[in-house]
Amino acid sequence: MTPSTGYLIAAVAVSGVITLALRALPFAILKPLRKSRFVQALGRWMPAGILLILAAVVLHEQGATHPARIVALGIASVVTIAVHLLFRRRALLSIAAGTACYVALINLL
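The rules behind the values
Residues numbered from 1 in each chain as written. Predicted model: local features only at pLDDT ≥ 70, side-chain atom pairs only at ≥ 80, totals over all residues. Heavy atoms only, no water. Core = buried A, V, L, I, M, F, W, Y, C linked by side-chain atoms within 4.5 Å. Buried < 20%, exposed > 50% of the residue type's maximum accessible area, 1.4 Å probe, protein only. Helix = DSSP H or I, 4+ residues; strand = E, 2+ residues; numbered from the N terminus. Contact = heavy atoms within 4.5 Å. 1 Å grid on protein atoms, 1.4 Å probe; cavity = no way out; pocket = protein on both sides within 12 Å on 5 of 7 lines; lining within 4 Å. Points joined across faces, edges and corners; volume = space filled by probe spheres on them. Nonpolar A, V, L, I, M, F, W, Y, C, P; charged D, E, K, R; others polar. Expected span 1.5 Å × (residues − 1). Arc of directions from axis to C-beta. Axes fitted to C-alpha atoms, helices over the stretch in contact; angles between N-to-C directions. Parallel < 35°, antiparallel > 145°, perpendicular 65-115°, else oblique. Left-handed = near helix turned anticlockwise from the far one by under 90°.

> Mind showing me how you'd approach the nonpolar core here?
One recurring pattern in soluble globular proteins is that nonpolar side chains are buried together. Judged by nonpolar contacts, Ala72, Leu73, Ala76, Cys101, Tyr102 and Leu105 together constitute the single largest core of six residues. The set of elements that each furnish at least two residues to this core consists of helix H3 (70-86) and helix H4 (91-108). Filtering out sequence-adjacent residues up to four positions away, cysteine 101 remains in contact with Ile75, Ala76 and Val79.

Written out as structure tokens, the structure reads:
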């Protein structure tokens, strides 16, 4: 037995409304908090903190599983930081340079 066309349209409409509400809810909740110093501080520091944690986990795992690559990890990390600071904090450029350096070093060493 197949559902009727009206039932399918209603199901899609209800799903659309719920999806829209769930996507708009965080913005509606955060609107009054935007002036809060705490939320502004979180917005300023969280991206760097998350990237720092991600980098620490990746460096630790790579260093623990492949001890011979520790030198390559160190050099690639220094290259990433240097490119980031020298080229006006362009994250994509620094990540690409560090990744290219790391790949080149592990293939050469």
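> Just checking my understanding: could you explain unusual backbone geometry for this structure?
Where the residue is not glycine, phi is negative for most of them; where a peptide bond is considered, it is trans in most cases. You will see that arginine 88, though not glycine, has its phi angle at about 55°, which is positive. Position of arginine 88 relative to the elements: it lies in the loop between H3 and H4. For arginine 88, a relative accessible area of 69% gives the class exposed. Despite not being glycine, arginine 89 has its phi angle at roughly 55°, a positive value. Structurally, arginine 89 is set in the loop between H3 and H4.

> Could you clarify how one ought to interpret the layout of surface pockets in this entry?
It is the rolling of a water-molecule-sized probe over the atoms that shows where space remains empty. Taken as a whole, the largest pocket spans an internal volume of roughly 920 Å³. Looking at the largest pocket, it is lined by 23 residues, and the ones nearest its centre are Leu51, Ala55, Thr80, Ile81 and Ile95. Listing elements by their share of the lining of the largest pocket, those giving two or more residues are helix H2 (37-65), H3 and H4. It is H2 that contributes the most residues to the lining of the largest pocket, eight residues altogether. Grouping the amino acids of the lining of the largest pocket by side-chain chemistry returns 15 nonpolar, seven polar and one charged.

> Sorry if this is basic, but what is going on with H3 here?
Given 3.6 residues per helical turn, the α-helix brings residues three or four places apart onto the same face. In this model H3 runs 24 Å from its N-terminal to its C-terminal C-alpha over 17 residues, within 8% of the 24 Å that 1.5 Å per residue would give. All of the buried residues in H3 are Ala72, Leu73, Ala76 and Val83. Along the axis of H3, the buried residues cluster in a sector spanning 100°; they form a single face. In this structure, H3 carries Val71, Val78, Ile81, Leu85 and Leu86 as exposed residues pointing more than 90 degrees from its buried face. Buried residues in H3 make contact with H2 and H4. Positioned one or two residues after H3, arginine 88 has a phi angle of 55°, which is positive.

> Help me understand the packing of H3 against H4 in this model?
A packed helix pair is summarised by two numbers, namely the angle formed by the two axes and the spacing between the axes. Two numbers describe how H3 lies on H4: the axes approach to 8 Å, and their chain directions differ by 155°. On the basis of the axis angle, H3 is roughly antiparallel to H4. Crossing of H3 against H4: the hand is right-handed. Counting all contacts with H3, which are made through Ala72, Leu73, Ile75, Ala76, Val79, Thr80, Val83 and His84, the residues of H4 involved are Ala91, Leu93, Ser94, Ile95, Ala97, Gly98, Cys101, Tyr102, Leu105 and Ile106. Here the residues of the contact of H3 with H4 sort into 14 nonpolar, four polar and no charged.

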